[in-house]
Amino acid sequence: MSHDGVGPRAVKRSVVFLTAGALAVPLLAGCGSDDEATSPAAPQDIALVARDKVADGGTLKWAVDAVPETLNTFQADADAGTARVAQAVLPSMFRLDANGRPVANPAYLESAKVIETEPRQVVQYKLNQQAVWSDGREIGAADFVAQWRALSGKNSAYWTARNAGYDRIEKIERGANDLQVQVTFSKPYADWRSLFSPLYPKNVMGTPDAFNDGARRKLQVTAGPFKVAKVDTAKKDVVLTRNARWWGKPAKLNEIVLHAVPRDQRAVALADGSVDLAEVDSVEAQRIGLAGREKGTGTPLQGSGKTSVKKLRAWALAHGFDSDEVKAGKKKLRKSIAEYLEEQQALAGFEVRKSLEPAYTQLALNGSTGPLLDDRVRRAVARALNRDELARLVLTPLGLPAVPVGSHLALSGQPAYADNSGAIGGQDAKEAQALLADAGWVPGGPVTEPKKAEKAAGPEKKKKQKGEESDGGEDGEYIVGEDDKGHDDDPDGKGKHHESAEGTHEQGEENGRHLAQEGKHGGAPGAYAPKGTAAPAAAPAAPLAKDGKPLLLRFVLPSGPGSESLNTVAGRISAMLERLGIRTEISRVPDESYFKDHIASGDFDLALYSWPASAFPATDARPIYAKPVAAADGSVNVEQNYTRVGTDQVNQLFDEAVATLDEDEERSLIRKADARIWAAAGSIPLYQRPQLVGARKTLVNAGAFGFQTPVYEDMGYLKKGAKVSPAPSAS
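Residues numbered from 1 in each chain as written. Predicted model: local features only at pLDDT ≥ 70, side-chain atom pairs only at ≥ 80, totals over all residues. Heavy atoms only, no water.

J.: Honestly, the overall build of the chain in this entry has me stumped. Any pointers?
T.: The helix and strand tally for the chain stands at 19 helices and 24 strands. A burial count over the chain gives 57% of its 731 residues as buried. Of the roughly 29600 Å² of accessible surface on the chain, 48% is carried by carbon and sulfur atoms. (Helix = DSSP H or I, 4+ residues; strand = E, 2+ residues; numbered from the N terminus. Buried < 20%, exposed > 50% of the residue type's maximum accessible area, 1.4 Å probe, protein only. Areas by Shrake-Rupley, 256 points an atom, 1.4 Å probe, with all protein chains shown as cover.)

See the structure below:
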């Protein structure tokens, strides 16, 4: 499963990100003149040039994680590939600029504004008179009506993933002429700009059957610079070609092919020509960067095959070969190295474009049970963290700004952004210790060893699943901080099954320093830290206990490929907690079960995963941070609030924010809600995720988009003799 990516607002925001992933964020309300605007923490990096420098023609092969299961972004199984297709082939009334601010899309809109507020809010859309569907029909009120009825939530025959905003519409009607559409709301809706982006034709939205099945593998009617030519599941391609009826600036490319490539095979796919553009992890980004600097350097294959196998293995190990390849015989190893060098030669034609994704990684604290049920313990955990250090760990090696995220509800550059972390305070060991003492957790208290079933907080512990890997201990667990207990076969108490943060530091010091210098980072769920980066040395405090039980928190992490650096970040967090006497039990689980069986079900104390930024937090963030509600049958509806932490006041602030049409007031309410989310300490934002994209050097107006909605008609290849201006520095 994908561990960390961003989907647009039309794709359900419950898409949580754990490794690298996807694109586009929702739209964004404007900023008041009395507000000090922020800028994105890092600029976009897309090799931006004017259209007259872009050659006509050509094909862009763009990597996606998988062929989309559906082309309907409003269905539950829509993904980032679905969003990419929709952006290229369907109308959107608004799109984001590079600063994450919405602008009316002139290809479809002349204007859109609130024309009445009493007795009802009325929004008037004036459509571009040239805007037509690919079948020649004008885009108009009938399409708006069909989409509203499908997404209003009133007809359960439509299998929709969400209806936010559409459920507030009272009626839609034609205005003074066919180019005007008037939308009347039953109650005020601040986030009205989020609606009808994308807009589907009425033949997709008009009936439940058409909605549910008609747009899964084909879109016969579109209205963008491109159209869907075919979905080829055998070749793992979605082919988009120029739309002959497109009235806007003509697309520079003849076609865009979205090709499914696994994340760990992106560099190879770039090298062999399978793709021209691909989001990559930090290991592959380093490899691409190295390829551009290797011309003229020697190789281990020089010298008529006389290089010893020992030297070949040392070279292979230094260049990131996996252990099986390194251990191979000399002949097989030489072949692997030759293939690698051939790929490196091809990768010299690529570069890494980097920015920050519109998404942030958080430390989630499950407040539904166990020690973290006490808000004092959650606040103590938060006060133990050095968020600046964690941001530097992840972002500095990549040359990106290492600034901790200060808000749950917006990112730097968005109008609602403000650093509200002061509501809980920065790292302060004394304050954290005082909170723990007040909660009854004291150092050196008597400890009654728990029964196996009582080891972890959260729901009743499940039996070990098939494929679950182990780092020692039971169910892939080891305890950070339990370094004072010897084992029969390990009299020094330093066995790998139970690791202290201090021991991890000593063991990894040399390798961590070497890898940090080399810039080798693992693509990890929620983090991009140097493999083996050492945890800081610090004397651990005596373990805390209360009522005969130790303060032990179960830290659940994925165990699949690329998870090494996530584990490094978790290890650094564990070391910070250990200094206070809080022990963590690291539990590594299979990637495919990490979210479904652990995060969503509440089977964790601590976890790392990411949320996308939303331009409409009053709508989109409410399900994530609203107080869970008990149902009549005794179950609890947490929606997407997987930490199970919320307050009535936060709910009220969200409700007030979504109902005001005063943008300054909405922004103020969102910031107040964020401050109270910080104070509740269920989620601690850490850093904005890096966005690393391998791109063919001649490809322009594409790459690391940051906040911006891609402008598909401007993408293409640089004309011969034309030059790209240097991109602004990200650091």
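J.: Where do I start with the sheet that holds strand β7 (residues 180-185) in this structure?
T.: In space, the four strands of this open sheet follow the order β4-β5-β7-β6, with antiparallel pairing throughout. The open sheet has two edge strands, β4 (109-116) and β6 (169-174), and neither has a second partner. Sheet twist, expressed as the average angle between the axes of neighbouring strands with direction ignored, equals 15°. With six bridges connecting them, β4 and strand β5 (residues 122-127) associate as antiparallel partners. Paired with Glu116 across the strands is Val122, a residue of β5. With respect to the sheet, helix α2 (residues 141-151) is in contact with β5, β6 and β7, its orientation differing from that of β6 by roughly 160°. (Pairing = 2+ DSSP bridges. Axes fitted to C-alpha atoms, helices over the stretch in contact; angles between N-to-C directions. Contact = heavy atoms within 4.5 Å.)

J.: What exactly am I supposed to notice about the packing of aromatic side chains here?
T.: In this description, a pair of aromatic rings is defined by centroid distance and the angle of the planes. Applying the stated rule across the entire model yields 19 aromatic pairs. Seen from their ring centres, Tyr125 and Trp192 are 6.4 Å apart, and the 80° between their planes marks the pair as edge-to-face. Here Trp192 lies in the loop between β7 and α3 (202-205) and Tyr125 lies in strand β5, a separation of 67 residues in the sequence. Neither Tyr125 nor Trp192 differs from the other in exposure class; each is buried. Aromatic pair Tyr609 and Trp611: ring centres 6.2 Å apart, planes at 75°, arrangement edge-to-face. On the basis of relative accessible area, Tyr609 is assigned to the buried category, the value being 1%. What links up through ring pairs into an aromatic cluster is the set Phe74, Phe94, Tyr125, Phe144, Tyr166, Trp192, Phe196 and Tyr200. (Phe/Tyr/Trp six-rings, centres within 6.5 Å; stacked < 30°, edge-to-face > 60°.)

J.: I tried to follow the environment of Asp143 on my own but got confused; where do I start?
T.: By the secondary structure assignment, Asp143 is in helix α2. Separated by 61 residues in sequence, Asp143 and Val204 place their C-alpha atoms 9.3 Å apart.

J.: Help me understand the sheet that holds strand β13 (residues 442-443), please; the structure alone is not making it clear to me.
T.: With antiparallel pairing, three strands are arranged side by side in an open sheet as β13-β15-β16. Strands with a single pairing partner mark the edges of an open sheet, and in this sheet they are β13 and β16 (549-550). By the bridge criterion, two bridges tie strand β15 (residues 544-546) to β16 in an arrangement that is antiparallel. Within β16, the residue paired with Lys546 across the bridge is Lys549.

J.: Just to check I follow, could you spell out the packing of helix α10 (residues 375-384) against helix α12 (residues 429-438) for this structure?
T.: For any two helices packed against each other, the geometry comes down to the angle between their axes and how far apart the axes lie. One way to put it is that α10 packs onto α12 with a least axis distance of 8 Å and a crossing angle of 165°. Classed by the angle they form, the pair α10 and α12 counts as roughly antiparallel. Note on packing geometry: the crossing formed by α10 with α12 is left-handed. Judged by residue contacts, Arg376, Val377, Arg379, Ala380, Arg383 and Ala384 of α10 engage Glu431, Ala432, Leu435, Leu436 and Asp438 from α12. In terms of residue class, the contact of α10 with α12 is made up of six nonpolar, no polar and five charged. (Parallel < 35°, antiparallel > 145°, perpendicular 65-115°, else oblique. Left-handed = near helix turned anticlockwise from the far one by under 90°. Nonpolar A, V, L, I, M, F, W, Y, C, P; charged D, E, K, R; others polar.)

J.: Looking at this model, I keep getting lost on the pairing of strand β10 (residues 255-260). Mind explaining?
T.: Side chains on a regular strand alternate between the two faces of the sheet. Counted residue by residue, β10 has five buried out of six residues, so it is predominantly covered. Of the pairings in the sheet, the one linking strand β9 (residues 237-242) to β10 comprises five bridges and is antiparallel in character. Looking at the pairing, Asp237 lines up with His259 of β10.

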